[in-house]
Amino acid sequence: MALLQINEPGESTAPHEHRLAVGIDLGTTNSLIATVRSGEATVLLDEQGRSLLPSVVRFRAEGDPQIGYPALKEMVADPMNTIASAKRMIGRKTADIKSLRDQMPYNFDDESANVPRIVTVDGPRSAIEVSAEILTALKKRAEASLGGDLHGVVITVPAYFDDAQRQATKDAARLAGLNVMRLLNEPTAAAVAYGLDHGSEGIYAIYDLGGGTFDVSILRLNKGVFEVLATAGDSALGGDDMDRLIAEWILDEVDMEELTSDSHFLRQTLVAARAAKEQLTEVESTTIKLKLPDGAEEEMLLDRSTMNGIIAPVIDKTLLPCRRSLRDAGLDKEEIDGIVMVGGSTRVLDVLAKVEKFFSKKLYTGVDPDQVVALGAAIQADILIGNRSAEDMLLLDVIPLSLGIEIMGSMVEKIIPRNATIPVTRAQEFTTYKDGQTAMSIHVLQGERELVSDCRSLARFELHGIPPMVAGNGRVKVSFQVDADGLLSVSARESTTGVETQIDVKPSYGLTDTEIEQMLRDSITYANADIDARQLAEQKVEADRVILAIESALDEDGHQLLDDDEISSLRDGMENLKTLAETGAAETIKKAVSDLNQLSRVFAARRMDASIRSVMAGHNINEFSE
């Protein structure tokens, strides 16, 4: 006997109302869009049957921008208005981009304070705007292929993208009119696409080398649960760097110094370098042809062995994060069950050879490395939109760097440690420092060091309305929440009044790859020095607190409860502590604080007695017992 499903009026979904959801791989070199059809993830093609959309946008003085292949054709002829590899700039501040300018043949708008903008004939354009154009083109492709409006998208990002880079990606999607259901880390998406969620168990490394970014993530799979144990990488390392090294080799072969300032020739050289790299995955040698500005042609032969030597520094640089991710996960290479290869740059044969040698484990290369991330995103999008059950798969990603706030003494109190599984919420209670304090400044920081000066500032906000109380009596609960996209919000709540304020952390720039790497290195290198610095700062804060408390008590009751010699003795002790707090070591300050506390015990006892007498005045003991 068949069962008939009954829905409340208006709640049933007609077949033609299947909610449309897609996954988008917004790549440095190429971008793709995919969806789930008849239970299978598939990449959507353009009108010419092509799956890839080159991540290139050409801005024009008149007319709409050219996107994808039409823009790619104009890269050599119009290099200053044709923007490629925008993903390398997204979420970065202007000062950070200066380190990349020698790799990018563009003019930057010096008037841009935080968000770098490239000067084009259509006005200054940011990486967010360029990415929005690419996303808009993919959106149109999906709506034409699927015959309807998109209800939601999942966009993939490098696992090592920080809060600013993730937020910038969401801003680009909003400009494109997309409803972002989730930002999904690229390595996790790749694991989903490989079907590792279907009954696979074990520990896998996801090696993702794209055109402009590199990630490695260590995942534990257990009955459909994806748990990211550790992640590492470089958000400005990829195939573009290989192209640049090959282009430098070409320029050396041409041996014409004056051509290094010719933007058209430089762009032509980069295009030729990329083409040669791709050809050498199939053949042992290839001929590179260049047209010089004077009309003459130059030819040179490049073989695979020579290219491997040229690009070796880039490949070797990817192995450092591999070592770090294993260390962070507390694993040896022998405990890894397999390596999933992701990203178009993994087609380079020497990449495959060196990764296999490093891990000494099986490489998963069965899915097109260009498509694998988009396919995984499509599967996740189909689950989030409600077209399929989420029971068989749970994704547990992590944050790449610790998050905390500034406390007295310019120290950092970490609230969420790096590699914590997201989404995550953590809270910690803090107290007021001064008598009568009615506001508290919250300074949000990111990094691994103990002092504020060694970490990156993310945001500042203030909590007002704290009732005036004695120092230490106020209680403020600071809560950090990192959502499934890796985006942070912070709130502060005073417990007595319930007054609360919060902020969504939306910095206008992100951490550079050098800063991320340096933060992690420094946290290890300076671990002992950081502990010493924190102990010293803590003792200085305690010294200031004791001095402030005694000073306040003397002003209020000193002359009523102490004679001149006792007051003089206390003030001498305070002056001694002030001097030591400026120049002394942590242990010296700690002893001086203890000595001053001992010296003030008589004063404290007399104040307590005076307070009790004041309360008892006009009453007898029986009244209080009742």
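So, here is what we can say about the structure in this document. (Residues numbered from 1 in each chain as written. Predicted model: local features only at pLDDT ≥ 70, side-chain atom pairs only at ≥ 80, totals over all residues. Heavy atoms only, no water.)

### Looking at the nonpolar core
Grouped together as the largest cluster of nonpolar side chains are 46 residues, with contacts concentrated most on Y207, I250, I288, L302, I339 and V351. Ignoring sequence-local partners within four residues, the contact set of Y207 consists of F214, D215, T318, C322, I339, V340, M341, V342, T346, V351 and V355. (Core = buried A, V, L, I, M, F, W, Y, C linked by side-chain atoms within 4.5 Å. Buried < 20%, exposed > 50% of the residue type's maximum accessible area, 1.4 Å probe, protein only. Contact = heavy atoms within 4.5 Å.)

### Here we look at unusual backbone geometry
Unusually for a residue other than glycine, S38 sits at a positive phi of about 50°. Looking at the secondary structure, you find S38 in the loop between strand 2 (30-37) and strand 3 (40-43). A residue is classified by how much of its surface remains accessible, and S38, at 81% relative accessible area, is exposed. One non-glycine residue, S85, adopts positive backbone phi at about 55°. Within the element layout of this structure, S85 appears in the loop between strand 7 (82-84) and helix 2 (94-97). (Helix = DSSP H or I, 4+ residues; strand = E, 2+ residues; numbered from the N terminus.)

### Quick word on the packing of helix 13 (residues 564-583) against helix 14 (residues 586-599)
Here helix 13 crosses helix 14 at 165°, and the two axes come no closer than 10 Å. Regarding the angle of helix 13 to helix 14, the classification is roughly antiparallel. Crossing hand, helix 13 versus helix 14: left-handed. Contact residues: helix 13 offers S569, L570, G573, M574, L577, L580 and A581, while helix 14 offers T588, I589, A592, V593, L596 and L599. (Axes fitted to C-alpha atoms, helices over the stretch in contact; angles between N-to-C directions. Parallel < 35°, antiparallel > 145°, perpendicular 65-115°, else oblique. Left-handed = near helix turned anticlockwise from the far one by under 90°.)

### Topic: the pairing of strand 13 (residues 214-222)
Taken across its nine residues, strand 13 has seven buried, putting it largely inside the fold. Both strand 12 (residues 202-209) and strand 13 contribute to a ladder of eight bridges, which runs antiparallel. Residue pairing across strands places D208 opposite D215, the latter belonging to strand 13. Taking the residues between adjacent antiparallel strands as the criterion, strand 12 and strand 13 are bridged by four residues. Relative to strand 14 (residues 225-234), strand 13 runs antiparallel, the two being bridged by nine bridges. By the bridge assignment, L219 is partnered in strand 14 with V228. (Pairing = 2+ DSSP bridges.)

### Things to note about the pattern of salt bridges
One pass over the structure, following the stated rule, counts 26 salt bridges. Linking R571 and E551 is a salt bridge whose minimum nitrogen-to-oxygen distance equals 3.0 Å. Here R571, found in helix 13, pairs with E551, found in helix 12 (residues 527-561); they are 20 residues apart in sequence, far enough to count as distant. The class of E551 is partly exposed, set by a relative accessible area of 23%. (Salt bridge = Lys/Arg side-chain N within 4 Å of Asp/Glu carboxyl O.)

### Looking at the sheet that holds strand 25 (residues 456-464)
In a beta sheet, neighbouring strands are held together by backbone hydrogen bonds and run either parallel or antiparallel to one another. Overall, antiparallel pairing links the four strands, which are arranged 21-20-24-25 in an open sheet. A strand with exactly one partner marks an edge of an open sheet, and here the two such strands are strand 21 (411-416) and strand 25. The sheet shows a mean angle of 30° between the axes of neighbouring strands, taken without regard to direction.

### Structural notes on the sheet that holds strand 6 (residues 66-67)
Strand order in the open sheet formed by three strands is 6-5-7, with antiparallel pairing between adjacent strands. Of all strands in the sheet, those with a lone pairing partner are strand 6 and strand 7, marking the two edges. Across three bridges, strand 5 (residues 56-58) lies against strand 7 in antiparallel orientation. Residue R58 lies in a different strand from strand 7, and its bridge partner there is T82. Across the sheet, helix 3 (residues 127-146) lies against strand 5, strand 6 and strand 7, angled at about 105° from strand 5, the strand it touches most.

### Focus: the pairing of strand 15 (residues 285-291)
Going residue by residue along strand 15, you find T286, I288 and L290 tucked away on one face and S285, T287, K289 and K291 left uncovered on the opposite face. A loop of five residues connects strand 15 with strand 16 (residues 297-303), the two strands running antiparallel in sequence, and G295 in this loop sits at a positive phi of about 95°.

### Topic: the environment of P54
By secondary structure assignment, the location of P54 is in strand 4 (residues 53-54). Residues P54 and L32, 22 residues apart in the sequence, show an inter-C-alpha distance of 8.8 Å. With sequence-adjacent residues up to four places away left out, P54 is seen in contact with T29, N30, G68, Y69 and L72.

### Quick word on the packing of aromatic side chains
Under the definition given, this model contains three aromatic pairs. A centroid spacing of 4.8 Å and a plane angle of 85° characterise the contact between F358 and F359, whose relative ring orientation is edge-to-face. In this structure, R50 is placed above the aromatic ring of Y69, and the distance from its NZ or CZ to the ring centre is 3.9 Å. When the ring centre of F358 is taken as reference, the NZ or CZ atom of K333 above it lies at 3.9 Å. (Phe/Tyr/Trp six-rings, centres within 6.5 Å; stacked < 30°, edge-to-face > 60°. Lys NZ or Arg CZ within 6 Å of the ring centre and 35° of its normal.)

### As for helix 14
Taking 1.5 Å of rise per residue, 14 residues should cover 20 Å, and helix 14 covers 20 Å from first to last C-alpha, within 8% of that figure. When helix 14 is considered as a whole, its buried residues turn out to be A586, I589, A592, V593 and L596. On an axial view of helix 14, the arc spanned by its buried residues comes to 125°, and they lie on one face. Facing away from the buried side of helix 14 by over 90 degrees, the exposed positions are E587, K591 and Q598. (Expected span 1.5 Å × (residues − 1). Arc of directions from axis to C-beta.)

In short, the description is geometric, and any link to function would need to be established separately.
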